[in-house]
Amino acid sequence: MRITPDNTQFAAYSRLTVSAHLRNQLRDGTSMTEQQEDLSFSKFQELLDEEKVVNQKNAREMSNFHRSALETQMNYTDNPKRTQEVKGIMEKAFALGLVDEDNTLINKFDQKA
């Protein structure tokens, strides 16, 4: 699989991994090396395609943290359609329970799928 800059699923995946981990590190002082391993990108895609709730406890609307970041991006982007697509993917990930309470993807160890 080739990941290109216009791949909206990868953009959503990056926000739910790198961006969220960085925010948590800055907020909580946790090290990136202390955090458990996230889902792989291919597993993330597979779970989105299956459209089954993976973890009912985590199933919810998108967090304010991610919603606010996307709204800010909408103010500065020259491609609002792409940002809206990323938002839709992220909303789906939240609805399927793929995002922990810390706003990051569930860990590969937490998977019930």
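Let me begin by describing the structure that accompanies this report. (Residues numbered from 1 in each chain as written. Predicted model: local features only at pLDDT ≥ 70, side-chain atom pairs only at ≥ 80, totals over all residues. Heavy atoms only, no water.)

### Some details on the overall build of the protein chain
A tally of helices and strands in the protein chain yields four helices and zero strands. Seen in sequence order, the protein chain has helices and strands lined up from the N terminus as α-α-α-α. For the protein chain, the proportion of its 113 residues judged to be buried stands at 37%. With the model as given, the accessible surface of the protein chain reaches about 6800 Å², and the carbon-plus-sulfur share is 48%. (Helix = DSSP H or I, 4+ residues; strand = E, 2+ residues; numbered from the N terminus. Buried < 20%, exposed > 50% of the residue type's maximum accessible area, 1.4 Å probe, protein only. Areas by Shrake-Rupley, 256 points an atom, 1.4 Å probe, with all protein chains shown as cover.)

### Here's the deal with unusual backbone geometry
Backbone geometry at Glu51 places phi at a positive 55°, although glycine is not the residue there. With respect to the secondary-structure elements, Glu51 resides in the loop between helix H2 (41–50) and helix H3 (64–76). In this structure Glu51 comes out as exposed when scored by relative accessible area, which is 54%.

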